[in-house]
Every structure is written in structure tokens, then in C-alpha cells.
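Chain residues, written in single-letter form:
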Amino acid sequence: MTYSFDIFDTCLVRKCGEAKNVFDLLAEQAFVKPVSSEFKRAFVAARIEAAANSWSEKPKLSDIYDAFHFEHVDLFPKNKLLEIEQTIEREVLCPIQGMANFIDALRKAGNKILFISDMYLDVSFLLPILKKAGLWKEGDGLYVSCDAGATKSSGKLFEFIRQTEDVSYRNWHHYGDNVHSDVQVPKKLGIHAHLVSHQYTPYQLSMRKQPSVYYQWGGMLAGISRSIALQSERNAHKDFVLDIIAPLFVSFVYRVMANAKQQGIQNLYFCARDAYPLYRIACKMQPLFPDIKITYLYISRTSLYEGKNSAKIGYFQQIGLASNTGKNAIVDVRSSGKTLQVLNDLLTSNGFSPIYGYFFEVCPKSSEQLYGLNYYAELDDLYIQNISIALRKLPSNWYMYELYFPLNTQKRTIGYEYDGKEYKPILDKEDKKEYRLANLQECVEWRNWALDKYTEDFVQLGLCKQADDIFKIYALPQLAEFFLYPDKHYLDA
């Protein structure tokens, strides 16, 4: 039996979302010097028009660039643009693991495997990508319209393959995502056709529909989440992490680091345990901020309020938190302001400089609790009342930010000890924070990998430049929407 598979959005998916988003990424690299957004949009329009005007019905990428006409003094030559576009495609294409497993099982059962695409990227370009993704194996076939001179949509590519492979239509199964070229056309020929649909989740669809500030940033965010989800078996927990937590935390951490750079802060200390996911994100972003040092700070209310101050100060001096030589700041998910207050009282009473604080949420019991503290919070329930009704409700969901959003298996710090060489944190052997998840370790391991991958893709696609708008227009409103009108799929998490 012969089994054939469409390639794009069937076996491979772009982390940037739709194919046209590749041209937005191309526009960012197409000019020798920075140009205005108007020129970039005009470039994208010209690239799309070139595909429509290319002389061949089944063009190669080189044919499209022969038909490409756009003049700008700082534009790279066409051959350079072609290379950049190919590089972007290599970087954004990801395998769909479920399809890879399915194909591998069919191959091991002795079936013939073929890959088919109506595409301007030719066999020489696609073959290495399919191999690297673990999709193509020796003995498989690969047929692309621009090489074969025939398309799936016309049915001629299927006929070309039938003759080349000497295969019978009735012994042939084809899988693809296009209703016309992957289902209707092969069915008319007698091929067993199967529609493949790797759907976007409700919130990914919402991000795609949201009006873009600049290019299709919402579509790219949805593309990152979808591509990561498709690299493993999907479930509600994973979709919640990728659609709600990741865009929120990743854009928040970038905003923190950009603000720290602006303020001249040299060291960021991420508080154990809740800020552990933020710490991992910051480590991935650290190359963008080489002048900022990232440190995981072993700390808790117990370690602050109990034990000898000399051990606390010794540990803080050792990691550079207790210092007079540079600007330091702590980062945490949420706080009443008490941790920062106690820390600064301890530092200043021992002759050290006070530190700054970054928090996703600050929830003081009274305004006096924050008096004299130097901090920044995305959500501050004392000052958020003048924002939209939806956002006003965000502080009341503190238990989500404290218990579910920073889910991890880090141990609680209960003190510090000196072993004769250095100060070390004392970790609690029993975790007092109860996470009612039977597969906690598995969930946390996947979540750590997913947040790492999301951050890498976020940086690679250049979304950092739009982190402020992404946080304010996509991530935060989507969180508010979840609390107001939660979709059942995400509640299952």
C-alpha cells in the first residue's frame, strides 16, 4: 500500500503562523539600513504580487524573484533576498510529532511513503528539512510541483506520481489539509483521501483575529503556541500554558529586563520558588542584555523571618545582593510588598544599599505597606481601579498567579548555613505547597521545556521589539477574558 502526505500544515508547521508571515519576517531583514514600516509593508505587498505574477503556473522561488519588482536604495539584491527567505523558512519550519509517529508506524509496517507539495520551494530545499525533522527516511519519495511541472490542485501531480512510482490509485491513501487539492481532487481519481486538520485553539484564533499593531504579531504568537503544542501530545494543561501563561510571562520578563537596562540595574535576582519560570525565561533572554546578570535567589518568608541575620547577610553578600557597588533588583510573580520591605530593612541596617522590586502583581493590605518602597508592578490593586472593568478583576485571582501559573518542583528555602567555604541555602525536605496533580513531575518537565522553547521562538521571530504591545494588547486582555468568560477547554486544565 502507498501512503502520501502533503507537507505544509500536514507534516510541517511554521512557528510564525501563516505562510505570509514569512514575508513580514523577510521585510525585517531585507534592507541594509533601518527603514520605515511603510516601506516594509510595501515590500511585503511586492513579494506577494511577485508570486501572483510569476511567469510559470508552477514557479520556483527563483521564478518569483524574477517577477519581483520593488525599488529602494537600501534593499538587498534579489539573490540575497532569496537566500534570506530560504533561511527564514528553514528556521521557522517544525515537525508535527503526531504525524511523524503515524508515518513511521506505516513505514515500519512495510508501506511506501511519499511526500507531495504544491510549492515554490523545490526538492533540494525541502529534502534536508524533512530529514532533519525525522519525517523522511531512505526509500521514501518526494514530489514538489515546481520540480515536476504539475500540481496536486490540477490532479496532474498525482498522475505523474502514479506513472513514476507505478502505483495503483485504489492502493493509494493520501493525507492533507487542503479540502480541494488533498481531498476532492485525489478522490475523483480513486485515491483514498483523508483530510488532516491541526486546528488552532480558541485563544490562538482570538490572537490571530486581534488587529495587529505592526504586521501579524498576533498570528505569530498563535503560531508559536500551535507549533510547540504539535511537537507533543496535546491536552488542556499544555494549551493553557502556551496560550495564556507563556505570552504573559515571556513578554513580562522582557519588559522587566528592558526596564532594568534603562535604569542601569546590573543584577536581577529571581525569587525562589514562584519566580523560577521567570528565571528560566530570563536566562534565555540574557544574551539580549549582556550587561545584566541573572541570579536565582534562594529565599522565602521563613528564611527571611527566622534564623540568624549574619547567615542571611553572608549569603546575600556572597551572591552580590548585599552590595554598595551596583544597582540590584528582585523579581517575583506577586507580593504584598513585605518581602521587599524586610529585605531592604535588613540590607540598610547592615550598611548596604536598598534594592528595587519587579512584580507581576502587588497586593498590599494597605497603602501604608508600600510607603517608601521602590518597585514596579504590572498589576497593583491600589491603582488599577481606573482601568477597564475586565482588568479590574485581575488582582482578585491571586491564587492562580501564586499556585498554578508558577507551577514547579523547586524546594522551599528555610534558611542558610556556612560550610566553612561558602554560604548555602537550606532546603525543606518536605514540600508544604500542595499541587493536586498526580503527574506533577511530568507536567513541570514539559512546562519547563515549553517555556524555554516559547522564549527561544519569541526572540527568534523578533517579537521582543513589540513586547510592550504584545503584553498590553494580547497577553493581559486574554488573561482578563479567561477570568471573565472562561472557555471550558482551558478550565479543564
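A short note on the overall build of the protein chain
A count of helices and strands for the protein chain gives 21 helices and 14 strands. If one aligns the C-alpha atoms of the protein chain with their principal axes, the spans along those axes are about 85 × 55 × 50 Å. Out of the 493 residues in the protein chain, the part that is buried amounts to 56%. For the protein chain, the accessible area works out to roughly 22300 Å², and carbon and sulfur atoms hold 50% of it. Of the side chains in the protein chain, 57 bear a positive and 58 a negative charge, and the two mean positions are spaced by 2 Å.

Some thoughts on the pairing of strand E5 (residues 141–144)
Neither face of E5 is open: one carries Gly141 and Tyr143, the other Leu142 and Val144, and all of them are buried. You can see the chain leave strand E4 (residues 112–117), run along helix H6 (residues 123–132) and come back into E5, and the turn it takes is right-handed.

Remarks on the nonpolar core
Counting 122 residues, the largest nonpolar core has Phe5, Phe43, Phe115, Leu268, Phe360, Phe405 and Leu479 as the members making the most contacts within it. The contacts of Phe405, once residues within four sequence positions are left out, are Phe240, Ile244, Ile245, Leu248, Phe249, Met400, Arg447 and Leu479. In terms of nonpolar packing, the next biggest core, distinct from the first, is built from 26 residues, Leu304, Ile319, Ile330 and Phe359 among them.

Considering the pairing of strand E8 (residues 267–271)
Buried residues dominate E8, accounting for five of its five residues. The two faces of E8 match: Asn267, Tyr269 and Cys271 on one face and Leu268 and Phe270 on the other face are all buried. Bridge count between E8 and strand E9 (residues 293–297): five bridges; the pairing is parallel. Among the inter-strand pairings, Cys271 is bridged to a residue of E9, identified as Leu297. For the crossover that starts at E8, traverses helix H13 (residues 276–285) and ends in the parallel E9, the hand is right-handed. With four bridges connecting them, E8 and strand E10 (residues 328–335) associate as parallel partners. Across the sheet, Leu268 pairs through a bridge with Ala329, a residue of E10.

Concerning the sheet that holds strand E6 (residues 172–176)
Spatially, five strands are ordered E5-E4-E1-E6-E7 in an open sheet, and the strand pairing comes out parallel. At either end of the open sheet lies a strand with only one pairing partner, and these are E5 and strand E7 (192–195). With strand direction ignored, the average angle separating the axes of adjacent strands in the sheet is 20°. Relative to E4, strand E1 (residues 2–6) runs parallel, the two being bridged by five bridges. In the strand pairing of E4, Thr2 is matched with Lys112.

Regarding the packing of H13 against helix H19 (residues 440–460)
H19 packs onto H13 with a crossing angle of 35° between their chain directions and a minimal axis gap of 9 Å. The two elements H13 and H19 cross, and the hand of that crossing is right-handed. Along its contact with H13, which presents Tyr276, Pro277, Arg280, Ile281, Lys284 and Met285, the element H19 presents Asn448, Leu451, Asp452, Thr455, Glu456, Phe458 and Val459. Taken together, the residues that form the contact of H13 with H19 break down as seven nonpolar, two polar and four charged.

Description of H19
With 21 residues, H19 should reach 30 Å at 1.5 Å per residue; the first-to-last C-alpha distance of 30 Å fits that figure. Immediately downstream of H19, the backbone of Gly462 shows phi near 75°, a positive value.

Overview of the side chain of Asp332
Residue position: Asp332 is located in strand E10. With no salt bridge to any partner, buried Asp332 finds its closest opposite charge in Arg301, at an N-O distance of 7.6 Å. Once residues within four sequence positions are removed from consideration, Asp332 is found in contact with Cys271, Asp274, Ala275, Leu278, Tyr358, Phe359 and Phe360.

Digging into the packing of aromatic side chains
Counted under the stated rule, the structure contains 38 aromatic pairs. Measuring from ring centre to ring centre gives 6.4 Å for Phe5 and Phe115, while their planes differ by 40°; the resulting arrangement is tilted. Note that Phe5 is positioned in strand E1 and Phe115 in strand E4, a separation of 110 residues in sequence. Here Phe5 and Phe115 have matching classes, each one buried.

Things to note about the pattern of salt bridges
Enumeration according to the criterion identifies 27 salt bridges in this entry. The closest approach of N and O atoms between Glu378 and Arg255, which form a salt bridge, is 2.9 Å. One end of the pair, Glu378, is in strand E12 (residues 375–380); the other, Arg255, is in helix H12 (residues 236–263), with 123 residues separating them in the sequence. Glu378 gets classed as buried once you look at its relative accessible area, which sits at 14%. Ionic pairing is found between Glu361 and Arg334, a salt bridge with its closest N-O pair at 3.1 Å.

Here we look at unusual backbone geometry
Looking along the chain, the bond that leaves Ala272 and enters Arg273 is cis, with omega of -5°. As for its position among the elements, Arg273 is in the loop between E8 and H13.

Let's talk about the environment of Asn309
By the element assignment, Asn309 lies in helix H15 (residues 309–318). Its relative accessible area of 42% is what places Asn309 among the partly exposed residues. Here the alpha-carbon distance between Asn309 and Phe405, two residues 96 residues apart in the chain, equals 32 Å.

So, how was this worked out
- Residues numbered from 1 in each chain as written.
- Predicted model: local features only at pLDDT ≥ 70, side-chain atom pairs only at ≥ 80, totals over all residues.
- Heavy atoms only, no water.
- Helix = DSSP H or I, 4+ residues; strand = E, 2+ residues; numbered from the N terminus.
- Buried < 20%, exposed > 50% of the residue type's maximum accessible area, 1.4 Å probe, protein only.
- Areas by Shrake-Rupley, 256 points an atom, 1.4 Å probe, with all protein chains shown as cover.
- Lys, Arg positive; Asp, Glu negative; His and termini not counted.
- Charge placed at Lys NZ, Arg CZ, Asp CG, Glu CD.
- Right-handed = clockwise from strand over helix to strand, strands pointing away.
- Core = buried A, V, L, I, M, F, W, Y, C linked by side-chain atoms within 4.5 Å.
- Contact = heavy atoms within 4.5 Å.
- Pairing = 2+ DSSP bridges.
- Axes fitted to C-alpha atoms, helices over the stretch in contact; angles between N-to-C directions.
- Left-handed = near helix turned anticlockwise from the far one by under 90°.
- Nonpolar A, V, L, I, M, F, W, Y, C, P; charged D, E, K, R; others polar.
- Expected span 1.5 Å × (residues − 1).
- Salt bridge = Lys/Arg side-chain N within 4 Å of Asp/Glu carboxyl O.
- Phe/Tyr/Trp six-rings, centres within 6.5 Å; stacked < 30°, edge-to-face > 60°.

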